[in-house]
Amino acid sequence: MKRNSRSRARTSSGKVHFQSDAKGLTSQAGLIPVMKFLDKFGITKSLDKLVPHERGDSAVYSLADVIILTCVGLVGGATSILKIVALWSDGVLRRIGGWSRIPDDSTIGRIFKEVKEEQIALMEALTHRLRGRFWKAALRAGVSKIGAIREIWIDVDSTVKTVFGEQEGSAKGYNPEKKGARSYHPLLAFCCATKEIMQAWYRTGNAYTSNGIVDFMKQLLAHMPDRVRLVFRGDSGFFVGALMALLDSLGHGYLIKVKLKNLVALMERQVWTAIPGKPGWEQCEFYYECSGWGKTRHFVAVRIEQEEKPGAQPKLIDIKIYDYFCYVTTEKLTPWATHKKYGERATCETLIEESKSQMGMGHIKTGDFLANAALFHCAVLAYNTVKWMALMSGNDELRKWEVQTVRTFLVRVAGKLLTGNNQLTIRTPDDHLYPTEWGAWVAVGLAA
């Protein structure tokens, strides 16, 4: 029997006409809670107060203005200064944000190029000031206990941002993706519990992974409450005696992958025992003093025998070859538990990629190093703003979402501005795909 091939799911749509006379429309209604969130927690005022920047008497815009415009633009998905301006061409966003006018892209770029090292340091300090503010607010609101936790694990890592040009401060250095290309080499510390950036340094491209790590940690620790014990987790690039000495002296902890030229020989001298429930795996722990340390430290390791590759030549002598995983740590964990705990560090690499590719951290660049550092810290602020909003929302699902997911489902939402009765109302579709998360996003931004 012959069947009708015509779809039963579609009907003819008829003719369509466009009229460009509608007013009060926006395609990014989800940025309104972001702007209100920044205002509600005094971030705009904090920028004016904590990151001062003198400009001429005839100047219309301040450094705080362009930082806020850039931050909101980055949350909205802008990938250049020109696209930041294009995003703010939205009349609804300007009215809700209280902007009577916005600068063009050349003005924004010029103001960023006026930034000095002092302002960069103050932007770094602002991150710490705001973090303390949000952690206390979350604790008072009962949505998170992060502000009362006495031990916090942090993941520290560096990342490479390739440039295509001769930007100031860029240099040839470690660059696994584009070998020989010029780049910048930022250093980042993430809070494992909240996924926010605890601290960030913008560095030249030829900086080694651990360059400045001791001063980096001194700065971070100076901004943490005395009651909090930090546990530093890092890869072998941070196997630095001076860093461990600093953390030891202040009562903090660490779990760092070991990097030694004689590692295999050192491993072969240890006494290994089988790991219960893990066939083929063995473990050991010992104390060892590296050159220049002046003290022994606690090492743990696990190993597993390498599998023979298919087609490999038969061994004349039955010598076992192992893959070793060795760590130096202050934590009272078994070698296997230590190995698994270090494996959780993979989350840090995911967060770095999220902040770079989804929030454009380090993507917008000029020819000026300090201007690029300021833009970098705008991206840090934008990234943290999304994480702080998720934290304050108390919504567990929202806290799991990456920036791009938030942008797709909660930021790019159609809206219409309605005025009347001395108030502004944004009308949005009633069939949101994630109504619970949308409600939490709006509430955290607009709630009194």
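The structure we're discussing is the one just above.
Presented here is a report on the structure given in the accompanying data block.

Turning to the overall build of the chain, a few remarks are in order. Within the chain one finds 16 helices and 15 strands. Expressed as a percentage of the 448 residues in the chain, the buried residues total 49%. At a minimum sequence separation of 6, the contacts of the chain that also span at least 24 residues come to 66%. Per element, the accessible surface of the chain, about 23,500 Å² overall, is 51% carbon and sulfur. Charge-centre separation for the chain: the mean point of 61 positive side chains lies 6 Å from the mean point of 45 negative side chains.

Backbone-to-backbone hydrogen bonds pair the strands of a sheet. The strands run either parallel or antiparallel. Read across the open sheet, the three strands follow the order S1-S14-S15; overall the sheet is antiparallel. Pairing within the sheet leaves two strands with one partner each, and these edge strands are strand S1 (25-26) and strand S15 (423-427). Here two bridges tie S1 to strand S14 (residues 415-420), and the two strands are oriented antiparallel to one another. Within the sheet, the bridge partner assigned to Thr 26 lies in S14 and is Gly 415.

Turning our eyes to something else, we now look at the packing of aromatic side chains. Aromatic ring pairs are reported here in terms of the distance separating the ring centres and the angle at which the planes meet. The tally for this structure, following the rule as stated, stands at 23 aromatic pairs. Each ring, one from Tyr 202 and one from Phe 369, has its centre 5.4 Å from the other, and the planes form 35°; the classification is tilted. Note that Tyr 202 is positioned in the loop between strand S7 (197-201) and helix H8 (213-222) and Phe 369 in helix H13 (residues 369-393), a separation of 167 residues in sequence. Comparing Tyr 202 with Phe 369 shows no difference in burial state: the two are buried.

To continue, consider empty space enclosed by the protein. Going through the model one piece at a time under the given rule, you end up with three cavities of 30 Å³ or more. Approximately 60 Å³ is the volume found for the largest cavity. Forming the boundary of the largest cavity are Leu 47, Ile 67, Met 123, Leu 126, Thr 127, His 377 and Leu 381. Every element with two or more residues in the lining of the largest cavity is listed here: helix H7 (117-141) and H13. If you tally residues by element for the lining of the largest cavity, the top one is H7, at three residues.

The next thing to look at is the nonpolar core. Ranked by size, the top nonpolar core spans 129 residues in total, and within it Phe 112, Met 217, Phe 232 and Phe 299 carry the most contacts. Among the elements that take part in this core, H13 stands out by supplying 18 residues, more than any other. Among all residues touching Met 217, those that are not within four sequence positions of it are Ile 154, Phe 232, Leu 243, Leu 246 and Leu 247. If you look at the next biggest cluster of nonpolar residues, it comprises six residues, including Val 231, Val 300, Tyr 327 and Tyr 342.

As a further point, take the packing of H13 against helix H16 (residues 435-446). For the pair H13 and H16, the least separation of the axes is 9 Å and the interaxial angle reads 100°. Classified by the angle between their axes, H13 and H16 sit roughly perpendicular to one another. For the pair H13 and H16, contact is made by Met 389, Met 392 and Ser 393 and by Ala 440, Trp 441 and Val 444, respectively. Residues that form the contact of H13 with H16 fall into these classes: five nonpolar, one polar and no charged.

In terms of residue burial, strand S8 (residues 229-234) counts as a mostly covered element, since five of its six residues are buried. Relative to S8, strand S2 (residues 151-158) is paired through five bridges, and the arrangement is parallel. The residue of S8 that forms the bridge with Asp 155 is Arg 233. With four bridges joining them, S8 and strand S9 (residues 253-257) adopt parallel strand pairing. Paired with Arg 233 across the two strands is Leu 255, which belongs to S9. Handedness of the crossover is the feature at issue here: the chain leaves S8, passes through helix H9 (residues 241-249), returns alongside S9, and the resulting connection is right-handed.

Turning our attention to the sheet that holds S9. Read across the sheet, nine strands follow the order S7-S6-S2-S8-S9-S13-S12-S11-S10 without closing on themselves; strand pairing throughout is mixed. Bordering the open sheet on either side are S7 and strand S10 (273-274), each of which pairs with just one other strand. Across two bridges, S10 lies against strand S11 (residues 281-288) in antiparallel orientation. The residue of S11 that forms the bridge with Ala 274 is Glu 282. Sheet strands touched by H7: S2, strand S6 (187-191) and S7. Its angle to S7, the strand with the most contacts, is close to 180°. Against the sheet, H13 engages S6 and S7, with an angle of about 170° to S7.

Turning our attention to the environment of Gln 167. Among the structural elements, Gln 167 can be located in the loop between strand S3 (161-162) and strand S4 (171-172). In the structure, Gln 167 is positioned 201 residues away from Asp 368 in sequence and 6.5 Å away in space, judged by C-alpha atoms. Every residue in contact with Gln 167, bar those within four places of it in the chain, is listed here: Arg 182, Tyr 184, Lys 365, Thr 366, Gly 367 and Asn 372.

So, on to helix H6 (residues 105-112). Count 3.6 residues to each turn of an α-helix, and residues three or four apart come out pointing the same way. If you check which residues of H6 are buried, you get Thr 107, Ile 108, Gly 109, Ile 111 and Phe 112. Its buried side turned inward, H6 meets helix H3 (63-75), helix H4 (81-87) and H13.

To continue, consider the side chain of Asn 395. Relative to the elements of secondary structure, Asn 395 occurs in the loop between H13 and helix H14 (396-400). The exposure class assigned to Asn 395 is buried, which follows from its relative accessible area of 11%. Not counting the four nearest positions on each side in its chain, Asn 395 is found in contact with Ala 390, Thr 436, Glu 437 and Ala 440.

This part is about the layout of surface pockets. A volume near 260 Å³ is recorded for the second largest pocket. Arg 131, Gly 132, Arg 133, Lys 136 and Pro 225 are the residues nearest the centre of the second largest pocket, which is lined by 16 residues in total. Broken down by element, the residue count for the lining of the second largest pocket peaks at seven residues, all from H7. Among the residues making up the lining of the second largest pocket, the classes are represented as seven nonpolar, four polar and five charged.

Conventions used here
- Residues numbered from 1 in each chain as written.
- Predicted model: local features only at pLDDT ≥ 70, side-chain atom pairs only at ≥ 80, totals over all residues.
- Heavy atoms only, no water.
- Helix = DSSP H or I, 4+ residues; strand = E, 2+ residues; numbered from the N terminus.
- Buried < 20%, exposed > 50% of the residue type's maximum accessible area, 1.4 Å probe, protein only.
- Contact = heavy atoms within 4.5 Å.
- Areas by Shrake-Rupley, 256 points an atom, 1.4 Å probe, with all protein chains shown as cover.
- Lys, Arg positive; Asp, Glu negative; His and termini not counted.
- Charge placed at Lys NZ, Arg CZ, Asp CG, Glu CD.
- Pairing = 2+ DSSP bridges.
- Phe/Tyr/Trp six-rings, centres within 6.5 Å; stacked < 30°, edge-to-face > 60°.
- 1 Å grid on protein atoms, 1.4 Å probe; cavity = no way out; pocket = protein on both sides within 12 Å on 5 of 7 lines; lining within 4 Å.
- Points joined across faces, edges and corners; volume = space filled by probe spheres on them.
- Core = buried A, V, L, I, M, F, W, Y, C linked by side-chain atoms within 4.5 Å.
- Axes fitted to C-alpha atoms, helices over the stretch in contact; angles between N-to-C directions.
- Parallel < 35°, antiparallel > 145°, perpendicular 65-115°, else oblique.
- Nonpolar A, V, L, I, M, F, W, Y, C, P; charged D, E, K, R; others polar.
- Right-handed = clockwise from strand over helix to strand, strands pointing away.

Honestly, that's just the spatial picture; any functional story needs more than this.
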